[in-house]
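So the chains spell out like this:
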Amino acid sequence: MDDSVSPKTAPTFHAQAHAQSTAEVLEQLDVSTHNGLATAEVELRQAQWGPNTLPEARKTPALVRFLRQFHNVLIYVLLVAGGITLALGHWVDSGVIFGVTLINAFIGFIQEGKAEEALNSIRNLLSPKAQVLRDGQRASVDSRALVPGDIVFLTAGDKVPADLRLLHAHNLQIDESALTGESLPVEKQLAPVSASAALADRRCMAYSGTLVTAGQATALVVATGVQTEIGRIGQLLAQVKTLTTPLTKKMARFSQWLTWIILIASSFTFAFGIYVRDYSVAEMFLVAVGLAVAAIPEGLPAIVTITLAIGVQRMAKRQAIIRHLPAVEALGSVTVICSDKTGTLTRNEMTVQRVLIAHHEFDVSGEGYSPHGGFSEAGQEIAHAGIVRLEPLARACLLCNDASIITPADALPGQKTAPEITGTPTEAALIALAMKVGLVPSFEREAWPRADVIPFDSQHKFMASLHHDHQGQGVIYIKGAPEKIITLCQTELTLEGPRPLDPEHLHQLIAKVAAEGMRVLAIACLATDASKTALTFADIEQGGFTLMALLGLSDPPRSEAIDAIARCRSAGIRIKMITGDHLGTALAIGRKLALDDRIEAMQGKDIDLLDDQGLKAAVKDTVVFARTTPEHKLRLVTALQANGEVVTMTGDGVNDAPALRRADVGVAMGCKGTEAAKEAAKMVLADDNFVSISAAVEEGRTVYDNIRKSILFVLPTNFAEAGVILIAILAGLALPVTPVQILWVNMITAVTLALALAFEKGEPHLMTRPPRPPAAPLMNRRLIGQTLSVAGLLAIGVLGFFLWDLQRNDNLDHARTMAVNALVVGEMFYLFNVRRSHGRILSREGLLGNRVALLAVAILLPIQIAFTHWGQAQALFGTTDISLASWGKIFVFGLVLAILIEIGKGLARRSARALVQPA
């Protein structure tokens, strides 16, 4: 045996196995097809290459992952707020703050743990057992024991246990969709291909983790473990870093900004009180603490988390399952959606869409494997009499066929149920065509029972069947590759009868249909008599058949996906198709879906020729990417992000997992997706439909709006409280509101009023607005201006009530009670102002559109009345009774505040319109 084969040389050899003959690969791995490897040689190679497994990723200790969740400026602010409230002796408030911090940490800890499961999912794709030839004997071994040089036997239903070079194959078809994105099982052959052939075009190879759907084969193991294609994807996935979402980045910047403002204001107040007002250090420390408590929005993280959670529930109702909370908002920031083709934009169901008989071209309507549909020619629907003329063709489609379509027997009347198929999707599509013509499969099979059959063979490229009716008439039907069937035909059928074959015209038709992304199939027949009871290849090869039709089949676009794409484009979101399928098919589907006004395309081999800078430029205008590998998909997502895009990537296969993890929002298919794809993604579609992505984007935009509304509601209150304290110190006044009263206001309004904003519906024209620029701050100049103006109005009102009441009654507790109630009532009215960012509140929707907001006010009012008049609350918070007239004045203040804010919003909208109008 040749000991020169080593782990170091295996990757180089594996990369070239598809370009070498079977004799060459056998010689290089020094193995006999008659005896396989000897046991001693297997042990030696196992020592060299190790087991045929994927290594487990190095795991971060659970405690380290948990503590890492606290490494965030906003969390530090919360912990400081909790420490301050704890120092003040307010156990309940500090408990709430620490509780929110722990909840956020646990959520992050759990989600980070789930991300590691993606590698485990890929590891579980490997086959547990394999049939091998060793020491001249066939044996079943654990697939982990395979080594390069092993001879492996494959049959239908097997999962390929390693990367294999095929040595012998009979009718072998392998479903490689999880690895390559190819929508149909691939017919394998033995001849080597070009060294530069894409993974999906390496027909002489079988790859680990894929599924044998038909046929048998003998193959040579050329790579195991991490050196397989699936192992390489696992390594690629382990190296991909998950990006933080736009909201996480903006909240971090917002927290840093807010922290500095609080620290500067508290330090200035502390120093001013000591050096200018001659307060003691102890007094000013309490005042500085009070100002910090006033300015810290301790309820905001909880509000953000709850808003995201409500978005998750809404998305679940629209078939989008969120696995990572921040992904909800990230969807609202999306500027580019990179979508797989098969099953997402298309139905993943083969359908006959074109029937070509002589000079007639019929378009076939209807979707999937349903019998509902019709026929048209040149845009004109064909009447029943015309359809009847298609019955001979339909009968051939039914009889030369091994598939069946099963409609669930327990379907209720009017209930939509997806038919189940047995056999290949192509043959099921032919049965659906026959049913659209009006034939009943069971009747036709009884009327024309099958006498014999030649199964489809990839070498001969056709299937043939022999049938007789009960009067003794016989017929042979063949179907298969048109280039093969045409050579067997002497005439072609027309609607008027047979005529001489015109091969040149037929080849032009084939090229035309193939250019539209369809797979072309030919069907022919030959009359025989009752004496013919068996079929041989000689019967077929002698020719004399009549060509019945050419059929154009494809996986058609989802009709609802076309509308969803148009909706996304109107929202300024660009759609790019990234698929492992052929360029012609991808381009045809891209045009039908109207992905863009002008569709430019690239293939994987074109991507290989570009460096990172060249790819950054190419991805801007290219819409369709075909024949892509996992590395291509990952590079494309990275290039788009380098251009400043927020990217959603969809996928269902193992090959999609690295790009799904890298994308800002990875979206996996829930029905037909692999577990590896689901674990790498942040969102899973329950229905594998692009429409659900569009709906999720809409909900994501709503969530972002609601989070910003919550911030716009909370900050003016906190700034007003801090401003009141600061003004009081600067003016040498007693504090209008005590720290404990401030904590009460922050807690009760966050639990009721601010939380109500999480239930806001999307505003009108939400999906006609362009995406937010990724670099846009959480608070723009207009919102900062609104925050400061509202905070100023609230502070003026609170100080006004405090000074007016203190001068009139000379009772500090009474004046503070008026001030704190003015603050709460002002917030109640301001809630309705902030509910509409782009519209007025003086409408039915503006006032009554959010029942939760009305409920929050209804809950808050009695609680605030108890806070003011209940004896125990008075003792705890330092409040006192106020008169009904005083309550009336406070509510008038709230109404005036709402009117002033609404006037300000109107002026801001008018100013914004003036800026965008041409001079």
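Thresholds, definitions, all that
- Residues numbered from 1 in each chain as written.
- Predicted model: local features only at pLDDT ≥ 70, side-chain atom pairs only at ≥ 80, totals over all residues.
- Heavy atoms only, no water.
- Helix = DSSP H or I, 4+ residues; strand = E, 2+ residues; numbered from the N terminus.
- Buried < 20%, exposed > 50% of the residue type's maximum accessible area, 1.4 Å probe, protein only.
- Contact = heavy atoms within 4.5 Å.
- Areas by Shrake-Rupley, 256 points an atom, 1.4 Å probe, with all protein chains shown as cover.
- Pairing = 2+ DSSP bridges.
- Axes fitted to C-alpha atoms, helices over the stretch in contact; angles between N-to-C directions.
- Core = buried A, V, L, I, M, F, W, Y, C linked by side-chain atoms within 4.5 Å.
- Parallel < 35°, antiparallel > 145°, perpendicular 65-115°, else oblique.
- Nonpolar A, V, L, I, M, F, W, Y, C, P; charged D, E, K, R; others polar.
- Lys, Arg positive; Asp, Glu negative; His and termini not counted.
- Salt bridge = Lys/Arg side-chain N within 4 Å of Asp/Glu carboxyl O.
- Phe/Tyr/Trp six-rings, centres within 6.5 Å; stacked < 30°, edge-to-face > 60°.
- Patch = residues over 30% accessible without salt bridge, like charges linked within 9 Å, V, L, I, M, F, W, Y side chains within 5 Å.

Novice: Could you clarify how one ought to interpret the overall build of the protein chain in this entry?
Specialist: Scanning the protein chain from terminus to terminus reveals 34 helices and 28 strands. The buried share of the protein chain, taken over its 919 residues, is 55%. Considering only contacts in the protein chain between residues 6 or more positions apart, those separated by 24 or more positions represent 72%. Within the structure as shown, the protein chain displays about 38300 Å² of accessible surface, and the carbon and sulfur contribution to it stands at 60%.

Novice: Is there a simple way to explain the sheet that holds strand 26 (residues 647-651) in this structure?
Specialist: Within a sheet, each strand pairs with its neighbour through backbone hydrogen bonds, oriented either parallel or antiparallel. Ordered in space as 8-28-27-26-9-23-25-24, the 8 strands form an open sheet in which the pairing is mixed. At either margin of the open sheet sits one strand with a lone partner, and together these are strand 8 (320-322) and strand 24 (600-603). Direction aside, the axes of adjacent strands within the sheet are offset by 20° on average. One ladder, built from 4 bridges, connects strand 24 with strand 25 (residues 622-626); its direction is parallel. The residue bridging Glu600 from the neighbouring strand is Thr622, located in strand 25. Set on the sheet, helix 23 (residues 612-621) makes contact with strand 23 (574-578), strand 24 and strand 25; between it and strand 25 the angle comes to about 110°. In the packing of helix 27 (residues 690-731) onto the sheet, contacts are made with strand 8, strand 9 (336-339), strand 23, strand 26, strand 27 (665-669) and strand 28 (683-685), and the angle to strand 9 comes to roughly 160°.

Novice: Please explain the nonpolar core as it appears in this structure.
Specialist: One broad trend across soluble globular proteins is that nonpolar side chains are buried collectively. The biggest cluster of nonpolar side chains holds 115 residues, and the ones touching the most others in it are Ile337, Leu595, Phe690 and Phe713. Considering every element that reaches this core, the biggest residue donor is helix 27, with 18 residues. Those residues in contact with Phe690, other than ones at most four positions away along the chain, are Ile337, Ser339, Thr344, Leu345, Ala561, Ala564, Ile565, Cys568 and Ile575. Grouped together as the second largest cluster of nonpolar side chains are 43 residues, Leu390, Cys397, Val475 and Tyr477 included.

Novice: What is the right way to read the packing of helix 23 against helix 24 (residues 630-642) from this model?
Specialist: Helices that pack against each other are described as a pair by the angle of their axes relative to one another and the distance between those axes. Two elements in contact, helix 23 and helix 24, have axes whose closest approach is 9 Å; the angle formed by their N-to-C orientations is 75°. The pairing of helix 23 with helix 24 is recorded here as roughly perpendicular in orientation. Here helix 23 contributes Asp612, Leu615, Lys616 and Val619 to the contact with helix 24, which in turn contributes Arg635, Leu636, Ala639, Leu640 and Ala642. Of the residues that constitute the contact of helix 23 with helix 24, the class distribution is 6 nonpolar, no polar and 3 charged.

Novice: Looking at this structure, I do not really get the environment of Ala522. What am I missing?
Specialist: Along the polypeptide, Ala522 turns up in strand 21 (residues 519-528). Taking relative accessible area as the criterion, Ala522 reaches 0% and is therefore assigned buried. Along the primary structure Ala522 and Lys484 are separated by 38 residues, whereas in three dimensions their C-alpha atoms are 8.7 Å apart. Contacts of Ala522, omitting those with residues within four sequence positions, involve Ile478, Lys479, Gly480, Pro482, Ile485, Leu547, Ala549 and Leu550.

Novice: Sorry if this is basic, but what is going on with the environment of Gly517 here?
Specialist: Mapped onto the fold, Gly517 is located in the loop between helix 18 (503-515) and strand 21. As a C-alpha pair, Gly517 and Leu583 span 66 residues in sequence and 8.4 Å in three-dimensional space.

Novice: Hey, could you run me through the side chain of Glu827 in this one?
Specialist: Within the secondary structure, Glu827 sits in helix 30 (residues 812-834). One buried charged residue, Glu827, remains without a salt bridge, the closest side chain of opposite sign being Arg835 at 15 Å. Residue contacts for Glu827: discarding those within four places in its chain leaves Phe713, Thr717, Val745, Thr749 and Leu753.

Novice: In this structure, what is going on with the packing of aromatic side chains? I would like to understand it.
Specialist: Each aromatic ring pair is described using two quantities: the centre-to-centre distance and the angle formed by the ring planes. For the structure shown, the criterion picks out 10 aromatic pairs. Relative to Phe867, the ring of Trp744 has its centre 4.9 Å away and its plane inclined at 5°; by these criteria the two rings are stacked. Within this pair, whereas Trp744 is found in helix 28 (residues 739-756), its partner Phe867 is found in helix 32 (residues 851-869), the two being separated by 123 residues in sequence. With a relative accessible area of 12%, Trp744 lands in the buried category. The class of Phe867 is buried, set by a relative accessible area of 2%. Taking the centre distance of 6.5 Å and the plane angle of 45° together, the rings of Trp887 and Phe891 count as tilted. Of the two residues, Trp887 and Phe891 are both situated in helix 34 (residues 884-916); the distance of 4 residues between them amounts to about one turn of the helix.

Novice: Explanation requested: helix 14 (residues 391-399) in the structure shown.
Specialist: Owing to its 3.6 residues per turn, the α-helix aligns residues three or four sequence positions apart on the same side. Of all 9 residues making up helix 14, 7 are buried, and the element is well covered by its neighbours. Every buried residue belonging to helix 14 is among Leu393, Ala394, Arg395, Ala396, Cys397, Leu398 and Leu399, and all of these are buried.

Novice: Just to check I follow, could you spell out unusual backbone geometry for this structure?
Specialist: Both trends apply: most residues other than glycine have a negative phi, and most peptide bonds are in trans. Look at Arg627: it is not a glycine, yet its phi comes out positive at around 55°. Looking at where Arg627 falls in the secondary structure, it is placed in the loop between strand 25 and helix 24. Since its relative accessible area comes to 6%, Arg627 is described here as buried. Here Asp810, not a glycine, exhibits a phi torsion of approximately 55°, which is positive. Inspection of the secondary structure puts Asp810 in the loop between helix 29 (781-809) and helix 30. A residue is classified by how much of its surface remains accessible, and Asp810, at 66% relative accessible area, is exposed.

Novice: What's the story with a nonpolar patch on the surface in this structure? I'm lost.
Specialist: On the surface, Val892, Leu895, Val896, Ile899, Leu900, Ile903 and Leu907 cluster together to form a nonpolar patch covering roughly 630 Å² of accessible area. The topology assignment puts Ile899 in helix 34.

Novice: Help me understand helix 21 (residues 583-593), please; the structure alone is not making it clear to me.
Specialist: Along helix 21, the positions that sit buried rather than exposed are Thr585, Ala586, Leu587, Ala588, Ile589, Gly590 and Leu593. On its buried face, helix 21 is in contact with helix 20 (559-570), strand 23, strand 24 and strand 25.

Novice: How do you make sense of the environment of Val624 when you look at a structure like this?
Specialist: Among the secondary structure elements, Val624 is positioned in strand 25. The exposure class of Val624 is buried, given its relative accessible area of 0%. Sequence separation between Val624 and Leu595 is 29 residues; the distance between their C-alpha atoms is 8.8 Å. Discounting chain neighbours no more than four positions away, the residues touching Val624 are Met577, Ala586, Leu587, Leu595, Ile599, Glu600, Ala601 and Met602.

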